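Structural characterization, general
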Amino acid sequence: MTRAIPVGDASVGTGFLRLYRAHTAQVLLFVVLCAVAFLVLYPIGTIVHLTFFGENALGVFGTIPWQRAFEEPGMVKSILNTLKVVAATQGIALPIAICIAWLLARTNVPFARTLEFGFWMLFFLPSLGVTTGWLLFFDPDFGLVNRALISLGLADGPTFNLYSYWGIVFVHITTYGLAVKVMLLTPAFRNLDASIEEASYVCGAGRLKTLVRVVLPLMTPAILVVLLMSVIRGLEAFEVELILGMPIKFQVYSTKIWLLMANSPPEYMAAGTLACSILAFVLPLIFLQRWASTRRSTAVVTGRSSTALLELGRWRWPTFALLAAIVCCMSLLPLGLLVTGSFMKLFGFFDLEQIWTTSHWSKALADTTFLGSFRNMLALGLGTAFCAVTLYALVAYCTVRIESRLRSTLDVLTWLPLTIPGIILAFGYLNMALRVPIFAILYGTIGALILVSFLSAMTLGVQVLKVHMLQIGAEVEEAGRVVGGSWTQTYTRILMPLAAPALAVVGIMVFAATIRNVSNIIFLSTGDNRVLSVLQVEMLSSGILGPAAVIGTVIVLMSLLAAAIVRIVSVRFGVQARG
Amino acid sequence: MRRLLLALVLCIASSTAFAQSLDHPRNEVSGDRGWKAEWDEVVAAAKKEGKLVVCMSPSVGRRDFLLKQWKADYPEIDLSLSIAAGSTFVPAIITERSAGRYQWDVFHSGPNSGVTAIRAGLLDPLLPELILPEAKDPAPWGGWDEAFYDRERKYILGLSSDVQTAYYNAKVLAPERANRLGLKVLLEPDMKGKIYWFDPRGTGTGAPFLVLVERVLGREAWRKIMVEQDPTFVSSHGASAEAVVRGKAAIAFSGPVEENLREFRNAGLQFDVRDLGHTPETAYLGTDGATLAVFNKRPHPNAARVFVNWIMTKRIAEGMAVGSGYDSRRSDVPSVNPNSRAIPGAKYVMAQKDENDELLRELQSELKTLRPK
């Protein structure tokens, strides 16, 4: 494992100063731990309390909501379905993602950065929009691919049916399943010291053996973090199942939660118990992940790091063609469908006399609340991304660099916001925003939404930064101190520049995730702090589908624009990932 | 003497009549002055409050009209309109209040959420808030008994009136057969797998149709439809509308799909989708999620009072009907959608009224057991 160092572990300075600095590190860790514990445990504790004490006005302990939730008809079947979907999605997506990330980061495949950006695009696309796009091709009745196969005489009936178990798995892979893994693993692979691989080749190992025996073990923390995040996301995902599963009566655990919430009145306590069960299921996995990640050193960025890339030789262009085809099919095609769909009179109807229109855009832009919602969205996205980049880095630093038993606790805490579905956790956030005086001031303002979005994205941001920091050898920091740098100087001038690529990725991911998020902020959204994603939901609920598609497109384009700006700025100022 | 007495009686009678004839207009004037003075006072106090917070059900057309017209009529009072989904809104308010926050003035959302709000003790009676004679008169609303959706007939007023029925694709289901059988067509063997339903297990607009079918066909037939005919549940009324238009579904229950069908028509798509009929045997009478109520302990009581009177006037009711595409409940407002007009005097199933709430929950619960997947 990466050697953790006390903040003040400098070889210069007096013993008193060293002691002071060492204590400063502990104090820093303690303060960060207390803050994170409060912010994370308060909303989750509210939910847990509700499931045991919320049944009656007297607040007497009871387990009725738990019984009610698990007595829901079809619960066992839905749990099995969830496990089946998650296993298949991750089983297929993870090996593919590892290969793609390795090719992009460790080989000389042409236009690697452009291809990588293609996977970023996929991450920014809304899963509902992508699902609708795929239906256009693979709907059993009117899907273009099925119709083409029939008209060409290659099939008698529909060949593909997206309304099926494998259809659901396919959509999961092509939305969150693959994109987030490639997005997060590529920088991690890029950080790998090439001399380690070279040593393996010198010892006689081939490329495959080096990948399996040397590279993958070094990537274990990153892979485990990404896998765990994907598994948790898979346990909570319900949009795809709602569209593709409901017509074929295929329910998963999260659609059960959704149905309980959709009851009148909504069964929060029963839904909360199901959400808490996900937490209980995931907690051992979090500990397992932590154990596997920290049992040995995985530092790959050291003072002597080499950045040489593997020559693909004659396979260079075929590899590029394969990756480009994947990007085109999985990113550019859905993005194109999303944009062109916003100009279509009716999405998916190509046999109309007049297919195209700009009326959806004019309607959406003329909406009385569009401009205000757009401003709010920018404030929310930028505010959350700024807080995330500055504070997540500090939290990640504490979990990786400060020697203390408490850092494990801090690490586990940062996982928790991801383990409760957003709509349930939103209820906890509402309680926190109302009852904690310091946050009550923010209630009803954009500040409250920033706070909640910051907490919601914490797992993603902190874990990505943590993995990155684990890869940076302790000697890099030690070198800074040897030449007399203070902790602040070492942190800001050495560690942060080295972590800049990961910080950029985190900033963009948080921005994109925040501006399209609805579930976490739904309780705190009002007419005064309405953001574009909420306006989109309002339009969808009102049956105004065209302008709603436009709003969705605007959100995606804003994410892409932000990503492009960060890339341009990074390149211009030399803040690039290694390799 | 008799003449004298007669003259005296006539004199007294005529003087009384004269006095009464003088008094009557004087009373009218004073009554007029009474409500006007009260109205002016309330408006002045509302302007001092300067703010009004309203929650409403999703309808962008209605929302835009209200924001625009309110700003034109009362520019001094800032109107904050939040779209409130029933499943999240009432629990959020209960939580707010438990933390000592009271920030909502007017409830303008669906009747189901309204009933939940009453049970949580969030609402005040509406009628005492009415000042304008135009708003106070129950006649255009069909009488308060009919217009209120809660059991006590005093909290939740239905502002819209629309007849909700099923839609069918005339190329898949012959109109003659649909007209002849009405809802019984659901029991026909060839309808198995051809019925689409906006998931009725939740709060969506597909749910009240459970009550309609049960009330019209009876519980056994309802069970048979749910189990043997295997209706397909979808996650939005847009999805069910599209299924009917494309012919995947023969018939669909989804609530207000007019806006979706209009979009298909405006795009130039050729299809023949019809409604099953507006009779009490084929449709229920609803209010399109547009009810009106006032919160208790509201922070801007005068602004709320101005709003509820204002929104109940004929002028605003007309604008709302045009904005939302659904008829006003006011009988003096011209119909914007003749298809959604109720047959005068007909006794419809009021599937969204409080009285049917328990039945709806019972049916939803049974449905979960009948279709556990």
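Quick look at the overall build of chain B now. Along chain B, the regular secondary structure elements total 14 helices and 13 strands. A total of 373 residues make up chain B; the buried ones form 50% of that total. Restricting to contacts in chain B with at least 6 residues of sequence separation, those with at least 24 account for 79%.

This part is about the nonpolar core. In terms of nonpolar packing, the biggest core is built from 281 residues, with Leu185 and Val506 of chain A together with Ala252 of chain B touching the most fellow members. If near-sequence neighbours (up to four positions away) are discounted, Leu185 of chain A is found in contact with Ala97, Ile98, Ala101, Ala222, Ile223 and Val226 of chain A.

Moving on: the domain arrangement of chain A. Interfaces are frequently sized by the accessible area removed from exposure as the parts join. All names here are of chain A. The domain architecture assigned to chain A consists of domain 1 (1-62 + 349-579) and domain 2 (72-341). Here domain 1 and domain 2 have C-alpha centroids that lie 21 Å from each other. Every contact between the two is made by 49 residues of domain 1 and, on the other side, 51 residues of domain 2. Element by element, the count of residues in the side of domain 1 that touches domain 2 is highest for helix H25 (residues 545-572), at 8 residues.

All names here are of chain B. Taken in spatial order, the 5 strands of this open sheet run S9-S8-S10-S7-S11, and their pairing is mixed. Taken across any chain shown, the strands that pair with only one partner, and hence form the sheet edges, are strand S9 (232-234) and strand S11 (273-275). Averaged over all neighbouring strand pairs, the angle between strand axes comes to 25°, with direction disregarded.

Okay, the interface of chain A and chain B next. Between chain A and chain B, the residue contacts involve 42 residues of the former and 45 residues of the latter. Those elements that provide at least two residues to the side of chain A that touches chain B are helix H11 (239-245), helix H12 (253-262), helix H18 (422-435) and helix H24 (532-541) of chain A. With 4 residues, the top contributor of residues to the side of chain A that touches chain B is H18 of chain A. Residue composition of the side of chain A that touches chain B, grouped by class: 22 nonpolar, 12 polar and 8 charged.

Turning to the environment of Leu335 of chain A, a few remarks are in order. All names here are of chain A. Here Leu335 shows up in helix H14 (residues 316-341). For the pair Leu335 and Gly129, spaced 206 residues apart in the sequence, the C-alpha separation amounts to 9.0 Å. In contact with Leu335, not counting residues within four places along its chain, are Met121 and Leu125.

Residue and element names in this part refer to chain B. Side chains Asp162 and Gln164 project from strand S6 (residues 162-165) onto one buried face, and the interleaved Val163 and Thr165 project onto a second face that is buried too. When S6 meets strand S12 (residues 283-286), the two strands line up antiparallel, connected through 4 bridges. Across the sheet, Val163 pairs through a bridge with Leu285, a residue of S12.

The next point concerns the domain arrangement of chain B. All names here are of chain B. Assigned domains within chain B: domain 1 (46-160 + 287-340) and domain 2 (162-286 + 355-370). Taking only C-alpha atoms into account, the centre of domain 1 sits 29 Å from that of domain 2. Residue-level contacts link 14 residues of domain 1 with 10 residues of domain 2. At the level of elements, helix H3 (86-98) and helix H4 (111-119) are the ones that each hand at least two residues to the side of domain 1 that touches domain 2. Of the residues assigned to the side of domain 1 that touches domain 2, the class counts are 2 nonpolar, 9 polar and 3 charged.

This brings us to the packing of helix H4 (residues 112-124) of chain A against helix H7 (residues 165-190) of chain A. Residues and elements named next belong to chain A. One can describe the packing of H4 onto H7 by two numbers: an axis separation of 8 Å at closest approach and a directional angle of 135°. Viewed along their axes, H4 and H7 adopt a mutual orientation that is oblique. The way H4 lies across H7 gives a crossing that is left-handed. Contacts between H4 and H7 involve Glu116, Phe119, Trp120, Leu122 and Phe123 on the former and, on the latter, Ala179, Val180, Val182, Met183 and Thr186. Considered class by class, the residues forming the contact of H4 with H7 number 8 nonpolar, 1 polar and 1 charged.

So, on to helix H9 (residues 219-227) of chain B. Residues and elements named next belong to chain B. Listed in full, the buried residues belonging to H9 are Trp222, Ile225 and Met226. Buried residues along H9 cover an arc of 95° about the axis, so they all sit on one side. Away from its buried face by more than 90 degrees, H9 exposes Glu220 and Val227.

The next thing to look at is helix H12 (residues 301-311) of chain B. For an α-helix the count is 3.6 residues per turn, leaving residues at separations of three or four pointing the same way. H12 of chain B sits mainly inside the fold: 9 of its 11 residues count as buried. Within H12 of chain B the residues assigned to the buried category are Asn302, Ala303, Ala304, Arg305, Val306, Phe307, Val308, Asn309 and Ile311 of chain B.

Reading the values: rules and limits
- Residues numbered from 1 in each chain as written.
- Chains lettered and ligands numbered in written order.
- Predicted model: local features only at pLDDT ≥ 70, side-chain atom pairs only at ≥ 80, totals over all residues.
- Helix = DSSP H or I, 4+ residues; strand = E, 2+ residues; numbered from the N terminus.
- Buried ≥ 20, exposed ≤ 12 C-beta atoms within 10 Å, placed from the backbone.
- Contact = placed C-beta atoms within 7 Å.
- Core = buried A, V, L, I, M, F, W, Y, C linked by C-beta atoms within 7 Å.
- Domains from an automatic or database assignment.
- Pairing = 2+ DSSP bridges.
- Axes fitted to C-alpha atoms, helices over the stretch in contact; angles between N-to-C directions.
- Nonpolar A, V, L, I, M, F, W, Y, C, P; charged D, E, K, R; others polar.
- Parallel < 35°, antiparallel > 145°, perpendicular 65-115°, else oblique.
- Left-handed = near helix turned anticlockwise from the far one by under 90°.
- Arc of directions from axis to C-beta.

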